[in-house]
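An overview of the molecular structure
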Amino acid sequence: MRIVLVGPPGAGKGTQAAYLAKNLDIPHISTGDLFRANISQGTALGVEAQSYMKAGQLVPDSVTIGMAQDRMEQSDAVNGFLLDGFPRNLAQAEALDEILKEGGVQLDAVLDLEVPEDEVVKRIAGRRICRNDSSHVFHAIYNAPAAEGVCDVCGGELYQREDDSEETVRKRLEVYHTETEPIIDYYRAQGLVVTISALGKVDEVTAKAMDALKK
Ligand code: ADP
């Protein structure tokens, strides 16, 4: 299966993607995670991406599309993948179409996670992520770890993402509305979009998502 996950920052894309990828036995490809890995390794790509991310802006397509394509062409992705955070604008959606066409394959679905804006801001302000695995996500209030700053799953260090400050979150939401939302209409015209509410418990949302994808 080839799936694109869309939704505003804080919708729970990373959390859901990890579960769905496991259930569907396909790799979870997150451009945000790829950028963060490049930043922590100090690569040239990471250096370029960091200033855009910190400001809540999109990393230029010239960098992003090649990075996403390289990842999609790795051997574990031949039978499918779950894209999280890519495409994020129309130019990237068109580039993805080209990449799929070259490979003679198609998208099966675009899963749209819907969540109200005030909920997004609450979720992101308290979000804490494990340094070992970005799918180990906690919340300072709603889903606090047993020991502050320590991941319940693996004992890793929890941190707040540099772009999770209130000011940057507002910018990311604005970018989502202007740049990313138009791709939902683009895919709707192709009959690919399934929308579900991302409110509720993590496993409830996963169950809804699996149901929607089966149809
Ligand atoms: P979220 O979905 O919570 O906003 P991500 O981890 O997906 O977080 O992305 C974080 C940041 O990484 C984005 O705000 C952007 O700067 C950059 N980024 C991720 N994916 C892309 C992309 N496809 N195109 C451009 N920039 C991207």
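Residues numbered from 1 in each chain as written. Predicted model: local features only at pLDDT ≥ 70, side-chain atom pairs only at ≥ 80, totals over all residues. Heavy atoms only, no water.

Describing the UniProt feature "binding site: AMP" (unreviewed entry) in the protein chain
Mapped onto this structure's residue numbering, the UniProt feature "binding site: AMP" (unreviewed entry) falls at Thr31, Arg36, Gln57, Leu58, Val59, Gly85, Phe86, Pro87, Arg88, Gln92, Arg161 and Arg172. A maximum C-alpha distance of 24.4 Å is found for the annotated residues, which run over 142 residues; spatially they are spread out rather than grouped. Among the structural elements, Arg36 can be located in helix H2 (residues 31-41). Once residues within four sequence positions are removed from consideration, Arg36 is found in contact with Met53, Tyr159 and Arg161. Those residues in contact with Pro87, other than ones at most four positions away along the chain, are Val4, Gln92, Ala93, Leu96, Ile183 and Tyr187. (UniProt positions renumbered as here; feature names shortened; annotations may be inferred. Helix = DSSP H or I, 4+ residues; strand = E, 2+ residues; numbered from the N terminus. Contact = heavy atoms within 4.5 Å.)

Quick word on the packing of aromatic side chains
On inspection of all chains with the given rule, the structure shows 1 aromatic pair. Ring geometry for Tyr186 against Tyr187: centres 5.3 Å apart, planes inclined by 75 degrees, an arrangement best described as edge-to-face. Among the residues examined, Tyr186 registers a relative accessible area of 21% and is labelled partly exposed. Here the guanidinium or amino end of Arg131 rests over the ring plane of Tyr159, the centre of that ring lying 4.2 Å away. (Phe/Tyr/Trp six-rings, centres within 6.5 Å; stacked < 30°, edge-to-face > 60°. Buried < 20%, exposed > 50% of the residue type's maximum accessible area, 1.4 Å probe, protein only. Lys NZ or Arg CZ within 6 Å of the ring centre and 35° of its normal.)

What to know about the pattern of salt bridges
Pairs can form between side chains of opposite charge once their charged atoms are near each other. Enumeration over the complete set of coordinates arrives at 13 salt bridges. The shortest N-O distance in the salt bridge between Glu98 and Lys101 comes to 3.7 Å. Of the two residues, Glu98 and Lys101 both sit in helix H5 (residues 90-102), 3 residues apart, roughly one turn of that helix. For Glu98, a relative accessible area of 41% puts it in the partly exposed group. Judged by its relative accessible area of 63%, Lys101 falls in the exposed class. (Salt bridge = Lys/Arg side-chain N within 4 Å of Asp/Glu carboxyl O.)

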